Amino acid sequence: MKKTILAAALAAMMSVPAFAADSADIVVIGSGGAGLSSAITATEKGAKVIVLEKMAFIGGNSNRSEGGMNAAGTKQQLADGVKDDSPDIFFMDTMRGGHYLNNPQLLHTLTTQAAGAEEWLLSLGANFCHRMGRGGGQTRARGHGPCDGSPVGIELMRVLSERADKDHIDIRVNNRVTEILTKGGKVSGVKVKTAKGVETINAKAVVLATGGFGANHKMVEKYRPELKGFSTTNQPGATGDGIVLAQKLGASLTDIEQIQIHPTVIKKNGALISESMRARGGILLNKNGKRFTNELLTRDVVSQNELKQPDGIGFLIVDDSIYKKNKMLRSYVSEKLMTKCDSVEDVAKLIGADPKVVKASFEQYWKAFDSKKDDLFGRPEMVIRLDQAPYYVAQVTPGIHHTMGGVTINPKAEVISKKTEKPIPGLFAAGEVTGGVHGGNRIGGNAVADIVTFGRISGQSAAAYVGK
Ligand SMILES: Cc1cc2nc3c(=O)[nH]c(=O)nc-3n(C[C@H](O)[C@H](O)[C@H](O)COP(=O)(O)OP(=O)(O)OC[C@H]3O[C@@H](n4cnc5c(N)ncnc54)[C@H](O)[C@@H]3O)c2cc1C
């Protein structure tokens, strides 16, 4: 009994510093992938860092990321036989996917450094493999994630939080930053709301890593009124605080109205069925049992095609060959997000469509697979024939997923002032809070690449700024 009490007391002492410091070299706001990548990198450079997180848990939307992390030219891609990818092809795919709105300098930074970021995660112990099958808008298979096909975010946050623990980084949950303070035009700290009240933490630099605003319906409607009533895949803390905090300091915003809807979201609870299900070979039917799109187009286009279908819904269908290999799909089924159907006829019954029409849709796809040519929609890659019953089916509709716009940064992750068009001294930002990397539409797998790449850059830049 005594031992248990001692262990509990020790654990409590370790998780909450006895005398919480009220100053640091750098304050990082947000504990998702960008925040922890930044904090770990700055700590490695010798800076004293405090991470503040408003929710009761760390990880933000990063916890939820599922499909993978893109990187071009990795060792794992080469080992899988993908020898013709490169940062240049990655750049062009992302530009095209983002409708050429992307900031070329930021994108160049991402596409040339993502492989290094993935390598860094491997060095921290991430159990990542290359994943076959290309996502929407990509001309090469460049996704990476856990080898058993489980969601990328859980493994990402596992390695980052373990490293942060090892480095004794001071991470404080239930700490909501309400203001960034300045002195003489330079960042000087933050005001933070805790259970005890409002506290001030002095810091020479602040890194905004507060994520996007996909869960702030008012803000979404402000910039895109037509998205009123859409469900969201985002965690409740994704409310755009960082954008408001930075604007008060005169930060410039980029592409703020660029908000992505994702075509495979379960309406009633906003649960996402990852795009990787289509990359692995899934198709979409409408409620009449007909295919209506090349499933590998970018999310914005597939979403628009889906909204044109009866009731704006689609049915995502995958087969047993994927189920056997993919842990994430098995969890969708066990969580009742997808329903098992023993045959094509059962699929028709579930959809409520004419079995003959559904059968014809499957036969068209089998023919396309056999001839390597999808006459109907020009799908460029069919990795499986989709003929291994049982099938797994989800009714889906577009939901708010990613906010591409945000605070303007340069390739050093310095936040740019609207007035001077120069960096605001001491203010840095990384991840979904920023704008410009993804342009008008984010390609699946590019956000995790973004948050780790720019998370590390922001940590390096902030550390250099404070003299480390
Ligand atoms: C369901 C889902 C699946 C996804 N799948 C993928 C995928 O497979 N591949 C991919 O590349 N991308 C994916 N994404 C996108 C990707 O997960 C996010 O873009 C990315 O994780 C954002 O990371 P971040 O560190 O910028 O923000 P987050 O991880 O959201 O972290 C921001 C943190 O800041 C905190 N915060 C906010 N305001 C304050 C404040 N005022 N004070 C203190 N803390 C604050 C938040 O609570 C949050 O914890 C997915 C997103 C979702 C929602």
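1. Observations concerning the sheet that holds strand β5 (residues 143-146)
Here we have 3 strands laid out as an open sheet, ordered β3-β5-β4, and antiparallel in their pairing. Of all strands in the sheet, those with a lone pairing partner are β3 (69-70) and β4 (128-131), marking the two edges. Pairing analysis gives 2 bridges linking β3 to β5, with the strands arranged antiparallel. Among the inter-strand pairings, N70 is bridged to a residue of β5, identified as G143.

2. Quick word on the sheet that holds strand β19 (residues 434-435)
What the 3 strands build is an open sheet, ordered β10-β16-β19; its pairing is mixed. The strands lining the two open edges of the sheet, one partner per strand, are β10 (253-254) and β19.

3. Examining the domain arrangement of the protein
In terms of domain boundaries, the protein breaks down into domain 1 (23-214 + 404-465) and domain 2 (261-400). Centre-to-centre, using C-alpha coordinates, domain 1 lies 31 Å away from domain 2. Between domain 1 and domain 2, the residue contacts involve 20 residues of the former and 20 residues of the latter. Along the lines of polarity and charge, the residues of the side of domain 1 that touches domain 2 split into 3 nonpolar, 13 polar and 4 charged.

4. Side note on unusual backbone geometry
Following A389, the chain continues to P390 via a peptide bond in cis, the omega torsion being 0°. Secondary-structure assignment places P390 in the loop between α14 (355-371) and β15 (391-403). The backbone of N174 sits at a positive phi, close to 55°, despite the residue not being glycine. As for its placement among the helices and strands, N174 is situated in the loop between β6 (170-172) and β7 (176-183). Taking the C-beta count within 10 Å as the criterion, N174 has 14 such neighbours and is therefore assigned partly exposed. For D311, which is not a glycine, the phi torsion comes out positive at approximately 60°. Tracing the backbone through its elements, the reader meets D311 in the loop between α10 (299-307) and β13 (314-319). On the basis of neighbour counts, which here come to 10 C-beta atoms within 10 Å, the residue D311 falls in the exposed class.

Definitions and cut-offs
- Residues numbered from 1 in each chain as written.
- Predicted model: local features only at pLDDT ≥ 70, side-chain atom pairs only at ≥ 80, totals over all residues.
- Pairing = 2+ DSSP bridges.
- Helix = DSSP H or I, 4+ residues; strand = E, 2+ residues; numbered from the N terminus.
- Domains from an automatic or database assignment.
- Contact = placed C-beta atoms within 7 Å.
- Nonpolar A, V, L, I, M, F, W, Y, C, P; charged D, E, K, R; others polar.
- Buried ≥ 20, exposed ≤ 12 C-beta atoms within 10 Å, placed from the backbone.

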